[in-house]
Amino acid sequence: MSPLTFDRHRRLRRTSVLRDMVRETYLRPSDFIYPIFVTAEGSGIKEEIPSMPNVYQYSLDRLDEELKEVARLGIPSIMFFGIPKEKDAVGSGAYDEHGIVQEAIRQTKKNYPDLIVIADTCMCEYTDHGHCGIIHDGDVDNDESLTYLAKTAVSQAEAGADIIAPSNMMDGFVIAIRQALDEAGYMNVPIMSYAVKYASAFFGPFRDAAESTPKFGNRKTYQMDPANRLEALREAESDVREGADFIIVKPGLPYLDVLREVRDHVNLPLVAYNVSGEYAMVKAAARNGWIDEKAVVLEALTSMKRAGADLIITYHAKDAIRWLREEG
């Protein structure tokens, strides 16, 4: 019998030192953006979100507890989501000078000036109907909504936000916000655009956390069809032209193919959003003893980096950093 001829790939997997030597993708604390929910409802609040274990809503007087841990762990950036005391048809709490996110930004920049604060710029948490813009005749009015979104972005920049992250998926939202920021003197405040945001079932737990479930209908007229790939490239390319500085793909894990495609077409920093449903599934399986939480989380986050993400928005950030330090 003739000797077999084949490649011996296992040579480079033989020991942990060799595997480390040839590893192509790494996770670092600087990769992570940590979402934080702040509520205007009273004081002394640290309320766990039932569908998202170990994730909480904080009132402003308890926010520093979370920020202190974030700083201690070396997480460089956070993203604020706000729950106002009152809601109305035009989401006025989103652009209120003393709105919950604006106050959280001021408090953070005063006490932790080196922490990068990213402001989620949307209206769904602030409208009484739960949609991401102004409603006319049962639908979101795209162009009128842009005015309110731009006002929100400027108010967040005035409060001290380092980065504006519009998530509403209105056509033209990047150029409207860029123009408003520039006119208000915030030319150097970058925009982290939720350019590729799908109408995903994986957002369910977030809507509990942010109290932003639509009161009627759904968001399929402005968020993307999960079946579409080429549309993601059109959305990303539009936002690049309009002045985005970062591009977000949301969700992350179910859309690694889209993440890779966007990476191949766009040369801006690319952000994957490891969303609430992804987090909740891992937590539920881990609590039932079905998976190794640490191994699964680090593998999932690594897959997003491998697919092309430069940064990852993730509720796992604190745990991931602890685990990475254990391995180091």
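Going by the structure above, here's the rest.
About the thresholds
- Residues numbered from 1 in each chain as written.
- Predicted model: local features only at pLDDT ≥ 70, side-chain atom pairs only at ≥ 80, totals over all residues.
- Heavy atoms only, no water.
- 1 Å grid on protein atoms, 1.4 Å probe; cavity = no way out; pocket = protein on both sides within 12 Å on 5 of 7 lines; lining within 4 Å.
- Points joined across faces, edges and corners; volume = space filled by probe spheres on them.
- Nonpolar A, V, L, I, M, F, W, Y, C, P; charged D, E, K, R; others polar.
- Core = buried A, V, L, I, M, F, W, Y, C linked by side-chain atoms within 4.5 Å.
- Buried < 20%, exposed > 50% of the residue type's maximum accessible area, 1.4 Å probe, protein only.
- Contact = heavy atoms within 4.5 Å.
- Helix = DSSP H or I, 4+ residues; strand = E, 2+ residues; numbered from the N terminus.
- Lys, Arg positive; Asp, Glu negative; His and termini not counted.
- Salt bridge = Lys/Arg side-chain N within 4 Å of Asp/Glu carboxyl O.

Some words on the layout of surface pockets
Approximately 230 Å³ is the volume attributed to the second largest pocket. Along the walls of the second largest pocket sit H9, L12, R13, R19, V22, R23, E24, T25, T302 and R306, which together make up its complete lining. Each residue belonging to the lining of the second largest pocket can be placed in one class, and the counts come to 2 nonpolar, 3 polar and 5 charged.

Comments concerning the nonpolar core
The biggest cluster of nonpolar side chains holds 81 residues, and the ones touching the most others in it are F32, I36, I78, F80, V196, I247 and V262. Apart from the residues lying within four places of it in its own chain, the contact partners of F32 are L27, I75, P76, S77, L301, I312, T314, A317, A320, I321 and L324.

Some words on the side chain of E231
Along the polypeptide, E231 turns up in helix α7 (residues 230–242). Of the side chains bearing the opposite charge, R234 lies closest to the buried E231, which forms no salt bridge; the N-O distance is 4.9 Å. When residues no more than four places from it in sequence are discounted, the contact partners of E231 are M224 and D225.

With respect to empty space enclosed by the protein
In the structure shown here, the tally under the stated rule is 2 cavities of 30 Å³ or more. The volume enclosed by the second largest cavity comes to roughly 50 Å³. Considered class by class, the residues forming the lining of the second largest cavity number 4 nonpolar, 2 polar and 1 charged.

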